[in-house]
Amino acid sequence: MANHSITTITFTLVLLISVSSSVATGRLGGRTKIDDVKTNKEIQAIGRYSVDEYNRLHGSGNNDGELTFSQVVEAEQQVVAGMKYYLTIETFSKTGGDPKVFQAIVEVKPWLHSKKLLKFAPSTTANLSPVW
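All of these numbers come straight from a predicted model, not from anything done at the bench.

About the criteria used
Residues numbered from 1 in each chain as written. Predicted model: local features only at pLDDT ≥ 70, side-chain atom pairs only at ≥ 80, totals over all residues. Heavy atoms only, no water. Helix = DSSP H or I, 4+ residues; strand = E, 2+ residues; numbered from the N terminus. Buried < 20%, exposed > 50% of the residue type's maximum accessible area, 1.4 Å probe, protein only. Contact = heavy atoms within 4.5 Å. Areas by Shrake-Rupley, 256 points an atom, 1.4 Å probe, with all protein chains shown as cover. Pairing = 2+ DSSP bridges. Axes fitted to C-alpha atoms, helices over the stretch in contact; angles between N-to-C directions.

A. Molecular detail of the overall build of the chain. Along the backbone of the chain there are two helices and five strands. Each helix (α) and strand (β) of the chain, taken in turn from the N terminus, gives the series α-β-α-β-β-β-β. Here the chain holds 132 residues, and 35% of them are scored as buried. Within the chain, contacts between residues separated by at least 24 positions form 48% of all contacts whose residues are at least 6 apart in sequence. For the chain, the accessible surface area stands at approximately 8,300 Å², while carbon and sulfur atoms represent 57% of it.

Here is the structure:
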């Protein structure tokens with residue numbers, strides 16, 4: 001009986017250390033920065049999807065005009081029921097003008113072949129740092 005208690009306590013301690021280590025390093029539900037954003041084809045494709053979906057949902061009646069995707073400049077990912085991506089995207093208006101920066105959140109569930117644009121809004125910072 002005492003041997004069973006020691007085993008249970010040891011297992012519990014190992015589990016707690018593992019979970020706290022994962023939380024501290026951002027691997028368990030926390031966001032992690034994606035370093036190779038500009039060369040990452042998957043991230044650039046998700047950024048392009050975000051702009052296309054925004055244009056589809058809001059049409060030409062939005063204040064920004066229809067947008068043209070330029071590039072994703074920063075990205076983070078978070079493991080959820082699938083993967084959630086937090087993107088900083090540079091765009092151009094199809095009517096011309098200076099580039100505009102937007103923040104987007106996209107949830108991807110590969111096993112369902114599903115992507116969903118959760119947020120797409122103008123960035124409030126000039127230095128391209130994400131504001132969530």
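B. A look at the sheet that holds strand β2 (residues 67-80). Spatially, β1-β2-β3-β4-β5 is the arrangement adopted by the five strands of the open sheet, whose pairing is antiparallel. The open sheet has two edge strands, β1 (31-33) and β5 (114-122), and neither has a second partner. In this sheet, neighbouring strand axes are inclined to one another by 30° on average, regardless of whether the strands run parallel or antiparallel. By the bridge criterion, nine bridges tie strand β3 (residues 82-93) to strand β4 (residues 100-109) in an arrangement that is antiparallel. Its bridge partner lying in β4, Thr-91 is registered against Lys-100. Where helix α2 (residues 41-58) meets the sheet, its contacts fall on β2, β3, β4 and β5, and the angle it forms with β2 comes to roughly 115°.

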